[in-house]
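Architecture and fold: a report
Here are the chains, one letter per residue:
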Amino acid sequence: MKITVIGSGYVGLVSGACLAELGNDVLCLDVDARKIDLLQSGGVPIYEPGLDVVIQRNVAAGRLRFTTDVAASVAHGLVQMIAVGTPSGEDGSADLQYVIAAARAIATAMTEYKVIVDKSTVPVGTADKVKHAVQEILNQRGVDTKFSVVSNPEFLKEGAALDDFNRPDRIVIGAEDERGIEVMREMYAPFQRNHDRLMVMDIKSAELTKYAANAMLATRISFMNELANLAERVGADIEHVRKGIGSDQRIGYHFLYAGCGYGGSCFPKDIRALQRTGREYGLPLKVLDAVEQVNDAQKSVLLHKITARFGEDLTGKHFALWGLAFKPGTDDMREATSRVMMEGLWARGATVTAFDPVAMPETQHIYGERADLSYAENSKDALHNADALVIVTEWKAFKSPDFDIIKARLKQPVIFDGRNLFEPKTIAAQGIEYHGIGREV
């Protein structure tokens, strides 16, 4: 099948590369000439484990190409997959200008039937706006070219996106006409051989499903974080509580880990967009208001523990920071807890030496050169002469460190663990002062 992917960002590149891997003829369009130049020269503008290899393999096989030529991209694909950004506006709404611009570009150049797929995360009602935009351009052109608009939300986790695309829990298709549905069934047929993963529903339900999924996951995180804070007050261990409630099959163990808050490009943005939709329809989503408030506060919990231990004035204090990305497996720093942590430490006069396996270049891009921020070549070097170790990202490489080296290199053996990587009693037995989330010794 010939497929055009509009937008060569995270979702577009992963989707395009994986569809090409299945034998499809994929053309990825982006208006950013520098990004296309990079891709055409063998580079990849984002970090996602394994993606560079898949892209290189399919480019070499001739199944994956990149262009800035809008007319060529529209002519190429029966499927026109829109995967452009939908950033948050000041009021929390998703900015649809790029989605609508893509739809208009398709309508301007199309001369035959197309299936226009909303792959971007968009609020309920976007497909109607896309359909209207396309029809408006076709009317202006005086042509009656047929088209279908389909909602096909992505459910990709940063750091595991290739596996998520190739082994999906479900493939949600929102459509109103059989022709569009059949094209989507054909495109996703290779994923159906083990069992039927395709869920066909009305368009608005498909649009809402994406937001509902992320809202539920964020809710579980904030719920556990609030319980963790209570556990500290009453003298309970949140890990024991997690196992106790997770054993209930109605609840399960996933997304029940307490920590120092969620970040990234999806949860915060999608929560705000869903809240905005609720307000537009006169229905404030109070649970999501609380989820967001709890998460905002949780990002500062570890900082409060530090000031409780060392005082509000941290002038002259130096901290080792393990982790910068909002989660392991990515270099994404958007709304990362590390940013709240570093900015809070700097505001109180402290300095930081940070280490992250992949996110240090992105951090340098955000903050530039600062006298109060340095970077280490590895996690051990970050410890040198620090007053304490602070952990905010749960990279695997951080989970089994040499505690003797930690004690030897820190000025004093103190760990603030924002991801509960270690067992408090085990750490205490090593002679290390330990501060976790909901797990105070």
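In this report, the structure presented in the accompanying data block is examined. Residue positions are given per chain, counted from 1 along the sequence in the order it is written. Residue-level local features of this predicted model are given only where pLDDT is at least 70; pairs of side-chain atoms are given and counted only at 80 or more, and the full residue set underlies all totals for whole chains, interfaces and linings. Computation of side-chain values covers all heavy atoms of the structure but excludes hydrogens and water.

All right, on to the side chain of Asn214 then. Put simply, DSSP H or I for four residues or longer makes a helix, DSSP E for two residues or longer makes a strand, and each gets a number counted from the N terminus. The residue Asn214 is located in helix α9 (residues 203-234) in this model. For Asn214, the contacting residues outside a window of four places in its chain are Cys266, Phe267 and Asp270. Two residues qualify as a contact provided that any one of their heavy atoms is within 4.5 Å of a heavy atom in the partner residue.

Next up on the list: the packing of aromatic side chains. Each aromatic pair joins two rings of Phe, Tyr and Trp (for Trp, the six-membered one) with centres within 6.5 Å, and gets the label stacked for planes under 30 degrees apart, edge-to-face for over 60, and tilted for any other angle. All chains considered together, the criterion is met by eleven aromatic pairs. The interplanar angle of 80° and the centroid separation of 5.6 Å between the aromatic rings of Phe310 and Phe319 together place this pair among those described as edge-to-face. Summarising the burial analysis for this pair, Phe310 and Phe319 share the class buried. Counting every residue linked through ring pairs, the aromatic cluster contains Phe165, Tyr188 and Phe191. Buried means the residue's accessible area, taken with a 1.4 Å probe over protein chains only, is under 20% of the maximum for its type, while exposed means over 50%, and partly exposed covers the values in between.

Attention now moves to helix α6 (residues 126-141). What a helix is expected to span follows from its residue count: subtract one and scale by 1.5 Å. Here α6 spans 23 Å end to end across 16 residues, near enough to the 22 Å set by a 1.5 Å rise per residue. Among the residues of α6, Thr126, Ala127, Val130, Ala133, Val134, Ile137 and Leu138 are the ones counted as buried. Taken around the axis of α6, the buried residues stretch over an arc of 130°, which confines them to a single face. Residues His132, Asn139 and Gln140 are exposed on α6 and point more than 90 degrees away from its buried face. Elements that come into contact with the buried residues of α6 comprise α5 (97-109), β5 (114-118), β6 (147-151) and α9. Following α6 by one or two positions, Gly142 adopts a phi angle in the positive range, close to 75°. Think of the arc as the fan of directions from the helix axis to the C-beta atoms.

Glancing now at the packing of helix α14 (residues 337-347) against helix α15 (residues 360-367). Viewed as axis vectors pointing N to C, α14 and α15 meet at an angle of 50°, and their least axial separation amounts to 13 Å. The angle between α14 and α15 falls in the class oblique. Here α14 runs over α15; the crossing is right-handed. Between α14, through Arg339, Met342, Glu343 and Trp346, and α15, the contact on the second element is made entirely by Thr363, Ile366 and Tyr367. In this count, Pro and Cys sit with the nonpolar residues alongside Ala, Val, Leu, Ile, Met, Phe, Trp and Tyr, while Asp, Glu, Lys and Arg are called charged and the others, Gly among them, polar. Class assignment of the residues belonging to the contact of α14 with α15 gives a composition of four nonpolar, one polar and two charged. Axes, fitted as lines to C-alpha atoms, cover a helix only where it is in contact. Angles between the N-to-C directions of the axes lie from 0 to 180 degrees. For classification, angles of less than 35 degrees are called roughly parallel, those exceeding 145 degrees roughly antiparallel, those between 65 and 115 degrees roughly perpendicular, and all remaining angles oblique. In a left-handed crossing the near helix is turned counterclockwise from the far helix by less than a right angle, and in a right-handed crossing that turn is clockwise.

Within the secondary structure layout, Arg439 lies in the segment after β14 (433-435). Polar contacts involving the side chain of Arg439 include one to the side chain of Asp237, which spans 2.9 Å. Polar contact is the term for a pair of N or O atoms within 3.5 Å; when the atoms are in protein, one must be able to donate a hydrogen and the other to accept it, and sequence-neighboring residues count only if both atoms are side-chain atoms. A distance of 3.0 Å separates polar atoms of two side chains, one belonging to Arg439 and the other to Glu423. With sequence-adjacent residues up to four places away left out, Arg439 is seen in contact with Glu232, Asp237, Ile238, Glu239, Asn420, Phe422, Glu423 and Pro424.

This part takes up the nonpolar core. Ranked by size, the top nonpolar core spans 56 residues in total, and within it Ile306, Phe319, Leu321, Leu345, Leu389, Val390 and Ile415 carry the most contacts. A total of five residues in this core trace back to one element, the largest contributor, which is helix α13 (residues 301-310). Residue contacts for Ile415: discarding those within four places in its chain leaves Leu389, Ile391, Phe403, Ile406, Phe422, Ile432, Glu433, Tyr434 and His435. Only buried residues count toward a nonpolar core, which is a set of Ala, Val, Leu, Ile, Met, Phe, Trp, Tyr and Cys residues joined through side-chain atoms within 4.5 Å.

Residue placement: Gln293 occurs in helix α12 (residues 286-298). We classify Gln293 as exposed; its relative accessible area is 55%. It is 36 Å that separates the C-alpha atoms of Gln293 and Asp32, two residues lying 261 residues apart in sequence.

A separate point is the environment of Ser374. Locating Ser374 in the fold gives a position in strand β11 (residues 373-375). Residue Ser374 is classed as partly exposed on the basis of its relative accessible area, which comes to 32%. Placed 23 residues apart in sequence, Ser374 and Thr351 show a C-alpha to C-alpha distance of 8.3 Å. In this view, Ser374 contacts Val352, Thr353 and Ala354; residues no more than four positions away in its chain are not counted. Here Thr353 takes part through its side chain, which lies 2.7 Å from a polar atom of the side chain of Ser374.

This part is about the state of the cysteines. Any two cysteine sulfur atoms lying within 2.5 Å of each other are counted as a disulfide. Counted by the stated rule, this structure contains zero disulfides. Residue Cys28 stays outside any disulfide, its sulfur separated by 11 Å from that of Cys18, the closest cysteine. In this structure Cys260 is not part of a disulfide, and its nearest cysteine sulfur, from Cys266, lies 18 Å away. For Cys260, a relative accessible area of 0% gives the class buried.

So, on to the sheet that holds β11. As a general point, the strands of a sheet are linked pairwise by backbone hydrogen bonds and lie either parallel or antiparallel. The rule for pairing is simple: two strands pair if DSSP sees at least two bridges between them. The strand order across the open sheet formed by six strands is β11-β10-β9-β12-β13-β14, and the pairing between neighbours is parallel. Among the strands making up the open sheet, the edge pair consists of β11 and β14. The sheet shows a mean angle of 20° between the axes of neighbouring strands, taken without regard to direction. When strand β13 (residues 414-417) meets β14, the two strands line up parallel, connected through three bridges.

Time to look at α5. Here α5 is 13 residues long and its end C-alpha atoms lie 19 Å apart, about the 18 Å a rise of 1.5 Å per residue gives. Burial in α5 covers these residues: Val99, Ile100, Ala102, Ala103, Ile106 and Ala107. Taken around the axis of α5, the buried residues stretch over an arc of 155°, which confines them to a single face. Those residues of α5 that are buried are in contact with β1 (2-6), α4 (70-76), β4 (79-82), β5 and α6.

Take the packing of α9 against α12 next. Each pair of packed helices gets described by two things: the angle between the helix axes and the distance between those axes. For the pair α9 and α12, interaxial distance at closest approach is 9 Å and the crossing angle is 55°. Comparing the axis directions of α9 and α12 gives the class oblique. The chirality of how α9 crosses α12 is left-handed. Here Ala215, Ala218, Thr219, Ser222, Asn225, Glu226 and Asn229 of α9 lie close against α12, whose contacting residues are Val287, Leu288, Val291, Val294, Asn295 and Gln298.

In short, shape yes, function no, at least from these values alone.
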